[in-house]
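Listed below are the residues making up each chain.
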Amino acid sequence: MHRGTKQWRRRAALGCLLLSTAAVSSLLNRDGNPIRLMGAQALSISPLHPSVARDGGPAFASGRTPYIPHTSRASSALPASRLDDPSTNTREQTRTSNVNQQSNKDSNLPFDSWLDRTTARLLNIPYDKVARHRRQQHHNFIPLGQLAPDDVNLITNLMTSHARRSTVESAMLCERLLKRVVDEVNAGNTGVRVNTKMYTVAMDAWAKSQRRPLPGSGANVDKEKRNKGANVGGERSHKGPYGFEGKPSAKQKEAQHLSRQQRRHLDRQQERQEERQRQTQLQLHPQLQEQQQQHSNAPVRMPLGAAAQRVHRIHRALVEIYQETGDESLAPSTISYNAAINAWSKSYHPSAGEMAELLLAEMLKEWRFGEGDVAEEGRLGDTSQVVDEAGVSADSTAAEDRRGNERVKPDVVTFTAVIDAWVKCTALAHDYHYEQPSEDSSNKTATAGYVSWKRSQAADADELTRQAAGRAKQLLDLMITMGHYDPERHSNEDDDGQPTTDSNGNTVYPLKRCEPGMRPNCYTYSAVMNALAKSCSALRVHEGMGSGAWTRDQRTLKSAAREEQYDPAQEAQNMLENMIVKHGRYKERVGEGGIWKANSGLARGDDDWTTLQEEDDVAIHSKSKEEEHSDGDAPSDDPNWFEPRPDELTFPPNTINYNSVLNAWSRASRYDPMAAERAEQILLERMERRHSDGGDAVEPDALSYSLVVHAWLRGCRGLNDGGSRNRAYRKSKRSGGLADRDRIERALQIVDRLEAWARKTHLQKWGGSNDGSSGGASEEGDSSVDVLDTFDDEPQYSTGRQSSSSSYTVRQHNKARDLDVEVYNSILVAYARELGGDHAANVMRLLDRMETLASELDMPSVMPNYRSYNVALGVIANSATNADTSLKKYYRDVSDKNGPNDRGSRRVNPLYAGKAAESILDRMLSALMRPDAFTFASVLNTYQRIPNGRLESALAADAVVRGMEALHLRGLIDEPPDVFHYTMVCACWSRSGEQGVAGERCSEILKHMQQRHQDGFPRVRPNIRTMNAVIDSHAYNGRISEAEDMLLGLVDNYESSAARSMDGIDDEELPVRPDSWSFNTVIQQWARARSPEGGQRAEALLGKLMAFHHDGNADVRPDERSFAYIIYHYTKGAGRMRPDAPDRALKLLRKMLGMYKQGYKDLLPSSQNKTNPIFAFTSVVDAHSVLRRSDSGLVGDELLKAMTSLGDNIEALRPNTYVCLSVLYGWSSCGSVDAGERATALLERMEEDMARCAERGEESIMRTTQRCYILSQTAWARSPSPNKAEGALKVLNMMEATYRNGNRDARPYTQAYSMVLNACAFSDLVQDKTCRLVKATPQQQLKAFHIAELCFDRIQKEPYPNVFPNSVIYGTFIKCCGRLALPDNLGEETAKKAFGECCQAGLVSDFVLTQLRYALPPEKFVDVLAKNGMDVDERGKSLSRDGKRLRHVKVSDLPSEWKRWVKPHVKNT
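Definitions and cut-offs
Residues numbered from 1 in each chain as written. Predicted model: local features only at pLDDT ≥ 70, side-chain atom pairs only at ≥ 80, totals over all residues. Heavy atoms only, no water. Helix = DSSP H or I, 4+ residues; strand = E, 2+ residues; numbered from the N terminus. Buried < 20%, exposed > 50% of the residue type's maximum accessible area, 1.4 Å probe, protein only. Contact = heavy atoms within 4.5 Å. Areas by Shrake-Rupley, 256 points an atom, 1.4 Å probe, with all protein chains shown as cover. Phe/Tyr/Trp six-rings, centres within 6.5 Å; stacked < 30°, edge-to-face > 60°. Lys NZ or Arg CZ within 6 Å of the ring centre and 35° of its normal. Salt bridge = Lys/Arg side-chain N within 4 Å of Asp/Glu carboxyl O. Axes fitted to C-alpha atoms, helices over the stretch in contact; angles between N-to-C directions. Parallel < 35°, antiparallel > 145°, perpendicular 65-115°, else oblique. Left-handed = near helix turned anticlockwise from the far one by under 90°. Nonpolar A, V, L, I, M, F, W, Y, C, P; charged D, E, K, R; others polar. Core = buried A, V, L, I, M, F, W, Y, C linked by side-chain atoms within 4.5 Å. Polar contact = N/O pair within 3.5 Å; in protein donor to acceptor, adjacent residues only side chain to side chain. pLDDT = per-residue confidence, 0-100. Expected span 1.5 Å × (residues − 1). Disulfide = S-S within 2.5 Å.

Student: Can you break down the overall build of the protein residue by residue, with the values?
Tutor: Tallying secondary structure elements over the protein gives 59 helices and 6 strands in all. Burial analysis of the protein (1469 residues in total) assigns 52% to the buried set. In the protein, once contacts between residues fewer than 6 apart in sequence are set aside, the share between residues at least 24 apart is 74%. Just so you have it, the protein exposes about 68000 Å², and 48% of that area is on carbon and sulfur atoms.

Student: Lay out the packing of aromatic side chains in plain terms, naming residues and giving numbers.
Tutor: According to the stated counting rule, one finds 12 aromatic pairs in the structure shown. Between Tyr525 and Phe651, the ring centres sit 6.3 Å apart and the planes meet at 70°, which makes this aromatic pair edge-to-face. With Tyr525 in helix H20 (residues 522–534) and Phe651 in the loop between helix H26 (625–632) and helix H27 (655–668), this residue pair connects regions lying 126 residues apart in the sequence. A centroid spacing of 5.7 Å and a plane angle of 90° characterise the contact between Tyr1299 and Tyr1360, whose relative ring orientation is edge-to-face. With Tyr1299 in helix H53 (residues 1284–1300) and Tyr1360 in the loop between helix H55 (1338–1356) and helix H56 (1367–1379), this residue pair connects regions lying 61 residues apart in the sequence. The exposure class of Tyr1299 is buried, given its relative accessible area of 16%. Through a chain of ring-to-ring contacts, three or more aromatic side chains come together here, namely Phe1345, Phe1352, Tyr1370 and Phe1373. In this structure, Lys1161 is placed above the aromatic ring of Tyr1156, and the distance from its NZ or CZ to the ring centre is 4.4 Å.

Student: Residues and numbers for the pattern of salt bridges, please.
Tutor: As enumerated under the stated definition, the model contains 64 salt bridges in all. We note a salt bridge from Arg817 to Asp818, for which the minimum N-O separation is 3.7 Å. Looking at Arg817, the relative accessible area reads 17%, which means it is buried. Among the salt bridges present, the one from Arg1001 reaches Glu1004, with a minimum N-O distance of 3.0 Å. Of this pair, Arg1001 and Glu1004 both sit in helix H41 (residues 998–1014), 3 residues apart, which is roughly one turn of that helix. A network of salt bridges, in which partner residues are shared, links Asp752, Glu755, Arg759, Arg849 and Glu856.

Student: Outline the packing of helix H51 (residues 1235–1256) against H53, listing residues and values.
Tutor: Direction vectors running N to C along H51 and H53 enclose 15°, while the axes themselves pass 11 Å from each other. By the criterion of interaxial angle, the relationship of H51 to H53 is roughly parallel. H53 is crossed by H51, and the crossing has left-handed handedness. Of the residues in H53, those touching H51 at Thr1240, Leu1243, Glu1244 and Glu1247 are Lys1290, Val1291, Met1294 and Thr1298. For the contact of H51 with H53, the residue count by class is 3 nonpolar, 2 polar and 3 charged.

Student: Lay out the nonpolar core in plain terms, naming residues and giving numbers.
Tutor: Counting 332 residues, the largest nonpolar core has Leu887 and Phe1395 as the members making the most contacts within it. Tallying contributions element by element places helix H19 (residues 443–483) first for this core, with 11 residues. Setting aside residues up to four positions removed in sequence, Phe1395 forms contacts with Ile1374, Val1404, Val1408, Leu1412, Val1424, Leu1425, Asn1428 and Trp1458.

Student: Break down the packing of helix H46 (residues 1120–1131) against helix H48 (residues 1173–1186) for me, with residues and values.
Tutor: Two elements in contact, H46 and H48, have axes separated by 9 Å at closest approach and are oriented at 20°. One finds that H46 runs roughly parallel with respect to H48. Handedness of the H46/H48 crossing: left-handed. Touching Ala1124, Ile1127, Tyr1128 and Thr1131 of H46 are Phe1175, Ala1176, Ser1179, Val1180 and Ala1183, all from H48. Here the residues of the contact of H46 with H48 are counted per class, giving 7 nonpolar, 2 polar and no charged.

Student: Give a detailed account of the side chain of Thr761, specifying residues and quantitative values.
Tutor: Position of Thr761 among the secondary structure elements: in helix H31 (residues 740–761). A residue is classified by how much of its surface remains accessible, and Thr761, at 11% relative accessible area, is buried.

Student: Run through the side chain of Glu822, naming residues and quoting values.
Tutor: Looking at the secondary structure, you find Glu822 in helix H32 (residues 821–833). One polar contact links Glu822 to Asn825, side chain to side chain, over a distance of 3.3 Å. Side chain to side chain, Glu822 and Arg867 meet in a polar contact 2.7 Å long.

Student: Outline the confidence of the model for the protein, supporting the account with residue identities and numerical values.
Tutor: Per-residue confidence for the protein gives a mean pLDDT of 74, with 67% of residues at or over 70. Confidence drops under a pLDDT of 50 for residues 1–112, and excluding neighbours within four residues, the segment shows 270 contacts in the predicted structure. Low pLDDT (under 50) marks residues 721–735, which in the prediction has 25 contacts with non-local residues, meaning those over four places away or in another chain.

Student: Give a description of helix H50 (residues 1217–1230) that names residues and reports values.
Tutor: In a regular helix each residue adds 1.5 Å, so 14 residues correspond to 20 Å; H50 covers 20 Å between its end C-alpha atoms and thus fits that length. Across the 14 residues of H50, 12 count as buried, placing the element largely inside the fold. Listing the buried residues of H50 in full gives Thr1217, Val1219, Cys1220, Leu1221, Ser1222, Val1223, Leu1224, Gly1226, Trp1227, Ser1228, Ser1229 and Cys1230. Elements in contact with the buried residues of H50: H48, helix H49 (1192–1206), H51 and helix H52 (1266–1278). The N-cap residue of H50 is Asn1216: its side-chain oxygen and the backbone nitrogen of Tyr1218 are 3.3 Å apart. Positive backbone phi, at 75°, marks Gly1231, one or two positions downstream of H50.

Student: Help me get a handle on the environment of Arg1138, residues and values and all.
Tutor: Its location among the elements puts Arg1138 in the loop between H46 and helix H47 (1141–1157). Expressed as a C-alpha distance, the spacing of Arg1138 and Pro1092, which sit 46 residues apart in the sequence, is 8.0 Å.

Student: Explain the state of the cysteines residue by residue, including any values.
Tutor: Following the criterion strictly, the structure yields 0 disulfides and no others. With no disulfide of its own, Cys1351 has Cys1320 as its nearest cysteine by sulfur position, at a separation of 7.1 Å.

Student: Describe unusual backbone geometry, with residues and values.
Tutor: Where the residue is not glycine, phi is negative for most of them; where a peptide bond is considered, it is trans in most cases. Its identity is not glycine, yet Tyr348 carries a phi of approximately 60°, on the positive side. Checked against the element boundaries, Tyr348 lands in the loop between helix H16 (334–345) and helix H17 (352–369). Taking the relative accessible area as the measure of exposure, Tyr348 reaches 6% and is therefore buried. Its identity as a non-glycine residue notwithstanding, Arg1019 has a phi of 55°, on the positive side. Inspection of the secondary structure assignment puts Arg1019 in the loop between H41 and helix H42 (1024–1036).

Student: Break down the environment of Ala469 for me, with residues and values.
Tutor: With respect to the helices, strands and loops of the structure, Ala469 is situated in helix H19. Ala469 sits in the buried class, given a relative accessible area of 2%. Residues Ala469 and Val423, 46 residues apart in the sequence, show an inter-C-alpha distance of 7.5 Å. Setting aside anything within four residues of it in sequence, one finds Ala469 in contact with Ala531, Leu532, Ser535 and Tyr566.

Structure, rendered in structure tokens:
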């Protein structure tokens, strides 16, 4: 921000009202670049100074005037302008008529009305006779110097009529008409005079030509973009529409010296650039689509603030002409100043408030110090001596008797317009560039700098917004000070005029009278309330509510916010309550009759009202003293009795003021979850409720209901309410306990009341403004301001197309009396942002509701417009992915409502989303709307998202594009199908699942596009997205070879192109170049193929991708999917059966990591994409583990270290529980001697991470589970380590300790104990130093047996609920007794005892019986069976004849009591 602006803001904080010219030069140049107006010669009336013509920039900053008539010998002639070239004055005076005829030769104006024909006659502009296209010169042109006074009056009326058209062309015509009168004066026509009204009308025309810009569309546009033409929002082209020729640009000058071939090349580049712009428009916001529809008749647009700057220059010219000539007919007036202030108010420029206040200060100084005392070039001198903190000069008492120019005395309209300028200057505050971002070569530093710059921009914008509210309140206090009667300040004539001191110690400067014309009215208060409403956005920075300003030090921000206590919405409501109290205080003092006298002007003591007082003196003083005292006990000798005091108000607040408070609460709902509740309470309990029932004496209008609806909808966060851990926090803290869906329902309830109000009142005749109870515009005339400009976030657009002639609107939309389509559009947008449900049926019902209301109430303002239909199409497209869509019930209800004879009900369409989208398209065509490319793209996107009926979706999408071609051929739409539409159709066919049709149809569409491109259709040349859709249609439907051939053909065509090596050739002229997605599509399908050779074909394509990348295509590089698909083929796909599949997968992964370290960051993105990067690592480990390879543990440990190293920079690669499970699985499968130790170490690492996260209050992503401990025990059991029994028991103890510490996922169960027994059972074999398996020592085996006994005893005591021995526990323990070499028959006796306990428990299974047979000799085995109750003799001899062999004993032969608790499916574990 420039130093002048900051300096002014510091003075403004002290209550200063005036600006110096030094600050003016920076007001329009906040971003360092001056705002460039339209060509200087195109807008000037007389030739400008050569210095101005050279730069084409504004001359306002240097104090130049835009035009002044030439000097003439006649006494009534005006002096020459400073900007005129003296050497050309005589020549121009003699050739004025010829210059006019020559400069207007190429003009093109609509002449379908009397206004246009009369204007053409006065300006000598050719027009089209009858119906011919030949242009002829008008024969009734009035030559220069022959205008009569009646003609001048006609010109004034013509200027007024053109100003009402509110276009840039009309404003230019007003200046040309003014120029015609100026030329008459310069030609010596003494009967013609230029007056102030003409200048005022010209200024008003420029003020009305301004339009509200879209957010982000007018403030930070680069200068280069402005120079491309008027349609982009920038400067004028070289040839103006009315014969003016502006200054040619540098490119145009350079083009004059180019050859024909070079010009043709430049033209092609410009056409391609315009084509890219048109293609980009398909992705614009829906609210811009109406402007796209009017591209053929688009009005001329100007840079932000250019029209206001033009008005400022015109007004400065008027002031300087009056100072030099003293002509009373050119004296500036209050109305002329108001027109200039109003222009700044409607400009929406961030400096509008400052510039409007500058004009107000100039008016105050001229009014206070007399005519002709304004400083030269607008310099106002030292502002500290002009206005004090109370707004009254300390030197004013000495100059009271010489008060000067009463013609420029500010009135209530002036102050209100300045306040409104402060309000509207914040509309684009967050889009304006206060300073340029810093440039840095480092990406990381540049990103951080850009974020810091954006935060500083938001802080500057919030400062401006908050400053605007402060300045508005200061201006209101100034109006109250000057307009309300204060007995201490406004002294009588007998006073000496010396300053006094009030009760608070402040210096009071007495004045003889107050100024009733400066007294604030309801519109002034409303403007201040709207300024407070706009400042609600400043709370993003001051309270830290917004996500962008939310930092780690939240407590500091909250405490600072509490200290500031800045709540503009509550302040606006307090102002409303103060208005009620002040009016009640005034009503109590003067009575009802006094209120009538004060509002009618009979009580004013101003000289302007003397005549009125004398005429009605009899009526006033005819009352008796009793009547006077009955009106309010007013003494008859006090002439100021009925004047309001500073703490009084003569009028009560009306609907306008209440709407302003509702606007403040509506905007506050972005950060205050209870703001919507407060707004609804004001509407229902104070405005809707009758005054007799306790409500306020106001009635709501349509705008009141609309603001409450916006209050509910602005509180929506646009987040999915389901499936989020922060759902409770979001609903309670940020949304006031209401989800987005609940807020939409509350908004719909207010809409129901709005419609009931509309049905109740729509038959009443609205005739202009009411008595103040409605929210319409003020009654101050054209110079008044619209202070009810509340919908700054959503600009308003008309629903129809504008005609080429600027005809008048039959009925203009009034926000106070008519239903507004934007209210319903806001609900549609809320449905689009709410991701928690299917709202397709809701938007269809809402559209039906809008159309019904428009028909019943005869109210076109509620008819759905382009934005309504486009947003509804977006909602339907998003909900098309739901298989059970809500549209099914909607169409069933429609069918029941229409009856069985309805034609549409008999035809069942299973694609409900597509049917709804096409019905919206039919509605637009029936309403004579012209759907644009965005609308058709939304319909195609709907079919592309439908999950069921894919063939039907492809056929329907194909029919939509063919219908679009037919509509364009018949002239019903403006744009034919382009490359985006055909690409969507190919995408629908690629997902159709029709192997024999999809690829062929896409190939036919591709040929059709190429043919249309050759025929000259715009934007239809196939691009890479189209080629990818066709490739995908072949590959996805089983024709992988055809897809690969097409891909390789694209590569060959691009590499063999001769134009590829030429400089200056755009990419659009080259053959289509394949991208990474093209290669990945074919690689993915080869990887998914069921043939074993698919992996090799995919690897070959990956090699060609790398070769194509190294051949000068740096942006076509492999990403994580290129490797992940092939790794999937070798680990999970058809290639997993190859013997070398794990090695190939590991080789690809190592290559992927090596390329990442070389700079290919796309291989491992920082955020999780469609493919999880962890999958590539774990699948390789699992591939080794499944095959029980000896290196599976080492591979897992290697990849775990790589992921740990990469996890510091890549969040998605941080090792989690899933990764650790994969590594543990590798250690459990490898069978190495240190597998158990390595697995236990990984478990300890996971538990340490859990402990650290618990200290920080976070949840660890490496949380241990039951399977983690089981895999670690398995690693011990399968390893030939002599300490396997101790290691398995250690893991069991770790599992129990973790469960006791609160980890419910690690609850021990039976398998954990059986794994310890299993490790003990296999402790008989260990690995020696030569890596051979040998028998363990007796001591080691005995130690393992004792560990088994300990574990068996522990589980027999049922340590945890439902954790007790089963058949596997008994069988494994008996196995320990049989495998381990134990002394003194310890194993046999223990096995017999364990089997007896198993028989009593009823858990004898085949596994137990088998382990017992191996643990005991045959004869002892039979004895054990017999001792436990089995009759061996009944089953025959169980032993062989020699007694050494045991006959087979089946489980079915055992007693039923032994196996009563054995599950049938448990056979062998």
